[in-house]
Amino acid sequence: DTGVSQDPRHKITKRGQNVTFRCDPISEHNRLYWYRQTLGQGPEFLTYFQNEAQLEKSRLLSDRFSAERPKGSFSTLEIQRTEQGDSAMYLCASSLRSKTGYNEQFFGPGTRLTVL
Amino acid sequence: QQQVKQSPQSLIVQKGGISIINCAYENTAFDYFPWYQQFPGKGPALLIAIRPDVSEKKEGRFTISFNKSAKQFSLHIMDSQPGDSATYFCAARLYAGNMLTFGGGTRLMVKP
């Protein structure tokens, strides 16, 4: 499978615990994005990497959230001291800058987080 | 303002019919408008996309119509099939930006 992969697919945790998700982008894609999607809503942008550099962060990304992309390959998203409001689907997408400059984003299957 | 407003929230169409989903935006700095299809438990899949210098783009049974002056664009699914039953999201990207701003989604049900 050469698409974007995410691990785990589902995570159930108790309030106050820390969780970490992993995303493996499509090979050779230099751009990687994290979005959050709550039930019945469209995805909301969280943060974006070009190679290993984190270039954009949404105001949605509170201090409890941190993302990394060491060596410009896979990425991790960590949520510290989880709250019930963090329950959502966390989506990763990747893209490669095309000649047109419109770098289509391809999404992974997501990690469904449930905070009890 | 970076909102993208999508309608209707839900849509029921008979097999073989035309499904039409509409989106409107405010920010004229948006320069790329993709549509995504999402099945339950899956991530969004890119369906078709358009740039504002084009008024229409067709790929198979899927067509995007774009009205720059009205700041509106729509997805038409011709000959709708039960397998098209999914949630559809329009999105927009700011010029020179990277984040996509998504609409609220339309849940499409195609009845056999």
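The structure under discussion appears in the preceding block.
Residues numbered from 1 in each chain as written. Chains lettered and ligands numbered in written order. Predicted model: local features only at pLDDT ≥ 70, side-chain atom pairs only at ≥ 80, totals over all residues. Heavy atoms only, no water.

A. Quick peek at the overall build of chain A. When you go through chain A residue by residue, the secondary structure sums to zero helices and 11 strands. In sequence order, the secondary structure elements of chain A are arranged as β-β-β-β-β-β-β-β-β-β-β. Considered along the principal axes of its C-alpha atoms, chain A spans approximately 45 × 25 × 25 Å. The buried share of chain A, reckoned over its 116 residues, is 47%. Taking contacts inside chain A between residues at least 6 apart in sequence as the whole, the part at least 24 apart equals 54%. Surface exposure of chain A reaches about 6200 Å², of which carbon and sulfur atoms provide 44%. Across chain A, 16 positive and 13 negative side-chain charges occur, with their mean positions spaced 3 Å apart. (Helix = DSSP H or I, 4+ residues; strand = E, 2+ residues; numbered from the N terminus. Buried < 20%, exposed > 50% of the residue type's maximum accessible area, 1.4 Å probe, protein only. Contact = heavy atoms within 4.5 Å. Areas by Shrake-Rupley, 256 points an atom, 1.4 Å probe, with all protein chains shown as cover. Lys, Arg positive; Asp, Glu negative; His and termini not counted. Charge placed at Lys NZ, Arg CZ, Asp CG, Glu CD.)

B. Highlighting the sheet that holds strand β7 (residues 62-67) of chain B. Residue and element names in this part refer to chain B. In space, the five strands of this open sheet follow the order β1-β3-β8-β7-β6, with antiparallel pairing throughout. Both outer strands of the open sheet, β1 (4-7) and β6 (56-59), are each paired with one neighbouring strand and no more. If you compare each strand with its neighbour and ignore which way they point, the axes differ by 15 degrees on average. (Pairing = 2+ DSSP bridges. Axes fitted to C-alpha atoms, helices over the stretch in contact; angles between N-to-C directions.)

C. Structural context of the sheet that holds strand β3 (residues 19-24) of chain A. All names here are of chain A. With antiparallel pairing, the four strands of this open sheet are ordered in space as β1-β3-β8-β7. Each end of this open sheet is capped by a strand with a single partner; those strands are β1 (5-7) and β7 (65-68). On average, each strand axis in the sheet is tilted by 15 degrees relative to the strand beside it, whichever way the strands run. Two strands pair when backbone bridges link them, and β7 and strand β8 (residues 75-79) are joined in this way by four bridges, in the antiparallel orientation. Within β8, the position partnered with Ala67 by the bridge is Leu77.

D. Quick look at the state of the cysteines. Residue and element names in this part refer to chain B. Summed over the entire model, instances satisfying the criterion amount to two disulfides over all chains. Here Cys23 connects covalently by a disulfide to Cys90, the sulfurs 1.9 Å from one another. As the torsion about the S-S bond is roughly -95 degrees, the Cys23-Cys90 disulfide counts as left-handed. Note that Cys23 is positioned in strand β3 (residues 19-25) and Cys90 in strand β9 (residues 86-94), a separation of 67 residues in sequence. A relative accessible area of 2% places Cys23 in the buried class. (Disulfide = S-S within 2.5 Å.)

E. Broad picture of the pattern of salt bridges. According to the stated counting rule, one finds seven salt bridges over all chains in the structure shown. Where Asp86(A) meets Arg64(A), a salt bridge forms, and the shortest distance between an N and an O atom there is 2.8 Å. Here the residue Asp86(A) occupies a position in the loop between β8 and β9 (88-95), and Arg64(A) occupies one in the loop between β6 (53-57) and β7, the gap between them amounting to 22 residues. One salt bridge in this structure joins Asp84(B) and Arg61(B), with 2.9 Å as the shortest N-O distance. With a gap of 23 residues between them, Asp84(B) in the loop between β8 (72-77) and β9 and Arg61(B) in the loop between β6 and β7 connect regions that are remote in the sequence. The network of salt bridges with common partners includes Arg64(A), Glu83(A) and Asp86(A). (Salt bridge = Lys/Arg side-chain N within 4 Å of Asp/Glu carboxyl O.)

F. Representation of the interface of chain B and chain A within the structure. Chain B puts 19 residues into the contact, and the matching count from chain A is 22 residues. Note on chain B versus chain A: buried area summed over both sides is about 1700 Å², and carbon and sulfur give 54% of it. On inspection of chain B and its partner chain A, the count reaches zero salt bridges. Taken together, chain B and chain A are joined by four residue pairs in polar contact (both at pLDDT 80 or more). If you list the elements that add at least two residues to the side of chain B that touches chain A, you get β4 (30-38), β9 and β10 (100-102) of chain B. (Buried area = accessible area lost by both parts, 1.4 Å probe. Polar contact = N/O pair within 3.5 Å; in protein donor to acceptor, adjacent residues only side chain to side chain.)

G. Fine view of the packing of aromatic side chains. Throughout the structure, instances matching the rule amount to 20 aromatic pairs over all chains. Taking 6.0 Å as the distance between ring centres and 70 degrees as the angle between the ring planes, the aromatic pair formed by Phe107(A) and Phe102(B) counts as edge-to-face. In this pair, Phe107(A) sits in strand β10 (residues 106-107) while Phe102(B) sits in strand β10, so the two residues belong to two different chains. You'll find Phe107(A) and Phe102(B) in the same group, each marked buried. Its guanidinium or amino end placed over the ring of Phe74(A), Arg22(A) lies 3.9 Å from that ring's centre, counting from NZ or CZ. (Phe/Tyr/Trp six-rings, centres within 6.5 Å; stacked < 30°, edge-to-face > 60°. Lys NZ or Arg CZ within 6 Å of the ring centre and 35° of its normal.)

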